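# Coordinate inspection notes
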Amino acid sequence: MKASLQAIRPALLLLCLGLLAPGRVAALGSRYIDITTSGYAGSAPLTNFPLLVRLSTAITGFNYTLCQTNGADLVFQDADQNVLPHEIDTWNTNGDSFVWVCVPEMTNSTTVRLFFGDPGMVAPAFTTNGTVWADGYRAVWHMNDGTGDNNILDSTANRFGGVKQAAGSPAETDAVVGKGQLFASNYINLTGLKDTSTTHTVSMWIKGSSSAASQLIFDVETGRFLIGWGSDTAGQIGLYRSDPWGRFGATPSLNVWHHIALCCGGTAATLFVDGVPYGTVVTYSGVGFSGQAALGSRFSMNQSYFAGLLDEVRVSSVLRSPDWIRASYSNMVPDSAFIAYNPVMPTPGPSLQIVSRPPGYGVANPVYGVHEGLEEGHTYTCSVSRGWDDADGYR
């Protein structure tokens, strides 16, 4: 069998190709980036944490010409070479791309390796089937437009998508992680959202433009569970479960982005703003979610409108820990230093790029062979033989 390769610059490294060994999920591209969560400051490891990875030319040696045009060649592995589920939130070859990676255990020394550069890679099912969000999430709305400008999609396997009041209303706009939605006397209909659990964590990025009373961010009909950026009292953020309102304290500052997380379990509800506890703990009585539901207005979608922007809205049926909430904020905040990105390896330049190969063949790991005297723009052919290895099978 033969595979064709093309030198894109004078090269020293020749990649040999081999059959994927049993148990391998995907071929690995010829380049990689080591990603370390050195900014995590929690006291305990986090399990199945959705890590936001930002890709851009700010990473030394990275440019989008090294990847497939849609990012289908991305493969993330942990230190034990287990493939980690990921989901592309935003793929922008002219700027920043955002990818969510489910990390099985995260500490401040966790390193994830991102491989890319395989031209024949097909994106696995876990990139779109909600696997990244399987641990306790009922709904995750990234808040970009969905199949059109009249809806938003839920990234979990539950598929609790939302329908806008009208096309472009609310309007998609730039936000914290890619795109968000701008609310102004409108709403997103979330009717169909269900959760039998009476424990909830609701989180989002929010940028309010008013602190007037009765501005509802999230409202569920059954049992009445609603969050008010402005509660029944102007300038007070609160939770309504049953009369009276539980007020946490002053509405956070206007016209700037804040990350809020409301943790409701047992008999208490705690609000976190920008990763830290905020205001007063209020009384909570448990309730599941069903019936009509809405973002940006009363559940009936005819009053109590929120004015401002929302991004990355999530509903969990578990109580997220303070470490989790702080890490979520620190990981997503603009100009975050939560992750350290090593330069692309091997250093771009002395390499060959695969342009075709026999079906079923992938890039062997590690790569072998050194060849000199290759010329830019020339196509080279290497022979690949099948060899049996008791541990890995065919290579």
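Scroll up to find the structure this text is about.
All chains use their own residue numbering, which begins from 1 and follows the written sequence. Selection of residues for local features in this predicted model requires a pLDDT of at least 70, selection of side-chain atom pairs for listing and counting requires 80 or more, and totals for whole chains, interfaces and linings are taken over all residues. To obtain the side-chain values, all non-hydrogen atoms of the structure were included, while hydrogens and water were left out.

### A few points about the sheet that holds strand β26 (residues 340-341)
In plain terms, the rule: Note on pairing: two strands pair once DSSP finds at least 2 bridges between them. Numbering goes from the N terminus for both helices and strands, where a helix is a DSSP run of H or I of at least four residues and a strand is a run of E of at least two.
The strand order across the open sheet built from five strands is β6-β5-β9-β3-β26, with neighbouring strands paired in antiparallel fashion. One side of each edge strand has no neighbouring strand; the edge strands of this open sheet are β6 (83-84) and β26. When strand β5 (residues 75-77) meets β6, the two strands line up antiparallel, connected through two bridges. In the strand pairing of β6, Gln-77 is matched with Val-83.

### Quick look at the environment of Ala-79
As a reminder of what qualifies: Each residue's exposure class comes from its accessible area (1.4 Å probe, protein chains only) as a fraction of the maximum for that residue type: buried when under 20%, exposed when over 50%, partly exposed otherwise.
Looking at the element boundaries, Ala-79 is found in the loop between β5 and β6. Assessed through its relative accessible area of 73%, Ala-79 is described here as exposed. Residues Ala-79 and Val-112, 33 residues apart in the sequence, show an inter-C-alpha distance of 6.7 Å.

### Considering the sheet that holds strand β19 (residues 236-240)
Strand order in this open sheet of eight strands is β11-β12-β15-β24-β17-β18-β19-β20, and the pairing throughout is antiparallel. One side of each edge strand has no neighbouring strand; the edge strands of this open sheet are β11 (151-152) and β20 (246-250). Of the strand pairs in this sheet, β19 and β20 are connected by four bridges, and their pairing is antiparallel. Each bridged residue has a counterpart across the sheet, and for Leu-239 the counterpart in β20 is Gly-246.

### Re the side chain of Asp-78
Applicable threshold: Charge counting treats Lys and Arg as positive and Asp and Glu as negative, with His and both chain ends excluded. Basic side-chain nitrogens of Lys or Arg form a salt bridge, by our definition, when they fall within 4 Å of a carboxyl oxygen of Asp or Glu. Contacts between residues were defined by any pair of non-hydrogen atoms, one from each residue, lying within 4.5 Å.
Tracing the chain through its elements places Asp-78 in the loop between β5 and β6. Here Asp-78 occupies a buried position and makes no salt bridge, while the nearest side chain of opposite charge, Arg-113, is found at 10 Å. With residues near it in sequence (within four places) discarded, Asp-78 still touches Leu-84, Pro-104 and Thr-111.

### Topic: the nonpolar core
For clarity, the threshold we go by: We define the nonpolar core as a collection of buried residues of types Ala, Val, Leu, Ile, Met, Phe, Trp, Tyr and Cys that are connected through side-chain atoms lying within 4.5 Å of one another.
Grouped together as the largest cluster of nonpolar side chains are 42 residues, with contacts concentrated most on Leu-55, Phe-62, Phe-76, Met-106 and Phe-116. Elements represented by at least two residues in this core include exactly β3 (31-36), β4 (46-55), β8 (97-106), β9 (111-116), β10 (137-141) and α1 (322-332). Top element by residues in this core is β8. It accounts for seven residues. If we skip the residues at most four places from it in the chain, Phe-76 touches Ile-35, Val-53, Asn-82, Val-83, Leu-84, His-86, Val-99, Val-101, Val-112, Arg-113 and Leu-114. Core analysis: the second largest hydrophobic core is formed by 37 residues, Phe-218, Leu-239, Leu-262 and Ala-293 among them.

### Some points on unusual backbone geometry
With omega at 0°, the peptide bond leading from Ser-169 into Pro-170 counts as cis. For Pro-170, the position within the fold is in the loop between β12 (162-164) and β13 (171-174). Note that the residue after Met-345, namely Pro-346, is joined by a cis bond; omega there is -15°. Along the chain, Pro-346 turns up in the loop between β26 and β27 (352-356).

### Observations concerning the environment of Trp-133
Mapped onto the fold, Trp-133 is located in the loop between β9 and β10. Once residues lying within four places of it in the same chain are set aside, the contact partners of Trp-133 are Pro-50, Glu-87, Trp-100, Val-140, His-142, Ser-155, Thr-156, Glu-312 and Arg-314.

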